[in-house]
Amino acid sequence: MAQSEPSKRQDKRDSLFLSASVTIGAEQAFITRVRNLSVGGMMIDVASDLEPGTPVVAELRGIGEVSGRIAWSSPGRAGVAFDTEIDPRLARSTSTGPKTVAPDYLRNREPSRRSGLAVR
């Protein structure tokens, strides 16, 4: 008996809490919580049951716009199958721009001696 190819449902999923802007069907975009994310899809919080096959467009931090379809729905949650695979590790990245250094007072350090400020 030949072993079958793993389904997308068996892709490794990262559990996380991430906010995303999501448009489902013809609805206006809304912010929802992404509960888990994989290369092939995500699970999101929703207010009502959704019809499988409904088009979805999501804006994910670190990834950008991703399109897909509702794969399943249950009270309060829905699964989205992406049209193309993504790299879910990018959503965990917090770097979205040039690296900045926090000033001394935000890093719980004494002010720099080079700052010219007198310490009393």
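These remarks concern the structure in this document. What you are looking at is a predicted structure, and each value in this text was computed from that prediction instead of being measured.

## Looking at the pattern of salt bridges
Link 1 in the chain: A complete count under the given rule lists three salt bridges for this structure.
Link 2 in the chain: Across the pair Arg35 and Asp45 runs a salt bridge whose closest N-O atoms are separated by 2.6 Å. One end of the pair, Arg35, is in strand β2 (residues 30–37); the other, Asp45, is in strand β3 (residues 41–45), and ten residues separate them in sequence.
Link 3 in the chain: Here Arg89 and Asp87 are joined by a salt bridge, their closest N and O atoms 3.0 Å apart.
Link 4 in the chain: Each member of the salt-bridge network shares a partner with another, and the members are Arg35, Asp45 and Arg77.

## Focus on the environment of Phe17
Link 1 in the chain: Structurally, Phe17 is set in strand β1 (residues 14–24).
Link 2 in the chain: Leaving out residues up to four positions away in the same chain, Phe17 has contacts with Arg33, Val34 and Arg35.

How each quantity is defined
Residues numbered from 1 in each chain as written. Predicted model: local features only at pLDDT ≥ 70, side-chain atom pairs only at ≥ 80, totals over all residues. Heavy atoms only, no water. Salt bridge = Lys/Arg side-chain N within 4 Å of Asp/Glu carboxyl O. Helix = DSSP H or I, 4+ residues; strand = E, 2+ residues; numbered from the N terminus. Contact = heavy atoms within 4.5 Å.

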